[in-house]
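Tertiary structure, described
Spelled out, the chains give:
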Amino acid sequence: MKILVIGGGGREHALVWALQGSARVTEVVCAPGNGGIAKLARCVPVDVSDVEEMKLLVGRERPSLVAIGPEVPLAVGAVDALQERGVRVFGPTKAAAQLETSKGFAKEFMRRWEIPTAAYAVCGSAEIVRGALEKFGERVVVKADGLAAGKGVVLCETHAEAVRAAEEMFSGTLLGAAVESVVIEEMLEGPEVSFFAICDGTNAVALAAAQDHKRVGEGDTGPNTGGMGAYSTDELISAETSAWMLGVAQRVVDGMRAEGTPFSGVLFTGYMMTPDGPKVLEFNTRFGDPETEAIMLRLETDLVDIVEATVEGRVGGVTVRLKPGASACVIAASAGYPGKYVGGKAISGLDSVADGVEVFHAGTTLKDGEIVTAGGRVLAVTAIGADLREALAKVYGAMSGISFEGMQYRRDIGWRALGD
């Protein structure tokens, strides 16, 4: 079986790695891929925001399955276009992907289907934001109502900060492009949990849970990022909590089907574990990053079987098995990330990584035969262990031998679980 993976980050590297491990796979092609993925799969260029380019690519490659990694192809309707051509493609339609691509849609959907979430207001101007804030406490969250690569969320300690963040989103100065609306939410307190379910439009089946570290600084300080590290353990959530979260995922699937937009693919639900119980922070309609890197190392079930069952509408018959213990992933990022950064920095030490550690490339490219940095998040160093402490020891041991100019990474991934 030939599989085409769309995307070129750490998530896609992990997916390619898992797919290559299947006895059912004869070839994996990745578009556009990156410097690390090129060692596992044939990489071909494509603009993941251009539906016509992706259609032409699929026409040339004629894969048995297409798996879409990032959110942008989903947002522009790549799944719809490929399905119209009879292509088997893993991921939701443009309409179903609104659960991620529109924060306002997601919040209104949760209200309609009684899914616990933070109090909110959808605002179309800074003036409306000022009025809406009167109904909230001083600490709020301002979210861009659209895709922002994990950077469209601002945690505000005061209403003045919230108004300023909203104004910068409306003007385009914060994200590089103006947004038409923002969502104001009450600020919830507690640890976050990412819950992944595979869905076929009718049924949802639990895949795994992980915890992401989104703030750039240690102790969860500083601005939000796309994710600075993640881990997955047997003890992260109880069996009862997992069953409850799966029930929420099934309610989403039921609701989307009832509203005429069946959801198929991976549903990633981000929860805040508040004193009042879990509340949904957001939905993502694809594999998360860097959670996917950690989860793929634990996955025992053939990923091809999962993808194919999802596409063919028979998820209910899939049994997902995870390796016991724990996995951990730590991101090596460029200096300045999540703000401005400079690429093209040579990376050393990649060949010295010990067995049992996987280095997934998030933002690299090949230049004159050398792997260099090409993104804010550069590498996702990942390992599995009997427990979280062992997995992290392997990761940090490997990171001590990897370097590039300006490399930054958090040294406290998993601190809540470790109790250090």
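Preceding this section is the structure that the text describes.
Here's what I pulled together on the structure shown here. (Residues numbered from 1 in each chain as written. Predicted model: local features only at pLDDT ≥ 70, side-chain atom pairs only at ≥ 80, totals over all residues. Heavy atoms only, no water.)

**Some words on empty space enclosed by the protein**
Rules: Buriedness of a pocket was judged along seven lines, with at least five required to meet protein on both sides within 12 Å; pockets are open sets of points on a 1 Å grid over the protein atoms alone, cavities are sets where a 1.4 Å probe fits but cannot get out, and lining residues have an atom within 4 Å of a point. Grid points are joined across faces, edges and corners, and a volume is the space filled by probe spheres set on the points. Runs of E in the DSSP output that reach at least two residues are strands. Runs of H or I that reach at least four are helices, and both are numbered from the N terminus. Asp, Glu, Lys and Arg are counted as charged, while Ala, Val, Leu, Ile, Met, Phe, Trp, Tyr, Cys and Pro are counted as nonpolar; the rest, among them Gly, fall into the polar class.
All told, the structure shown has two cavities of 30 Å³ or more when counted by the stated rule. Within this model, the largest cavity holds a volume of roughly 40 Å³. Around the largest cavity, the lining residues are L15, L19, A67, I68, F90, F287, L303 and V307. Of all elements in the fold, only α1 (10-20), β4 (65-68) and α11 (303-311) reach the threshold of two or more residues within the lining of the largest cavity. Of the residues that constitute the lining of the largest cavity, the class distribution is eight nonpolar, no polar and no charged. The computed volume of the second largest cavity comes to approximately 30 Å³. K103, A106, K107, M110, K143, E185, L281 and E282 together form the lining of the second largest cavity. Taken together, the elements giving at least two residues each to the lining of the second largest cavity come down to α6 (103-112) and β16 (277-284). Among the elements that take part in the lining of the second largest cavity, α6 stands out by supplying four residues, more than any other. Tallied by class, the residues present in the lining of the second largest cavity amount to three nonpolar, no polar and five charged.

**Side note on helix α9 (residues 239-258)**
Counted only if it meets this: To estimate the expected span of a helix, count its residues, drop one, and scale the result by 1.5 Å. Burial status follows relative accessibility: with a 1.4 Å probe on protein chains alone, a residue under 20% of its type maximum counts as buried, one over 50% as exposed, and anything between as partly exposed. Contacts were defined at the residue level, with two residues in contact if any of their heavy atoms lie within 4.5 Å.
Taking 1.5 Å per residue, 20 residues should reach 28 Å; α9 reaches 28 Å between its end C-alpha atoms and fits that length. Every buried residue of α9 is accounted for by M245, V248, A249, Q250, V252, V253, G255 and M256. Residues of α9 that are buried sit in contact with α5 (98-101), α6, β10 (192-200), β11 (204-212), β15 (264-274) and β16. Phi turns positive, to about 85°, at G260, one or two residues after α9.

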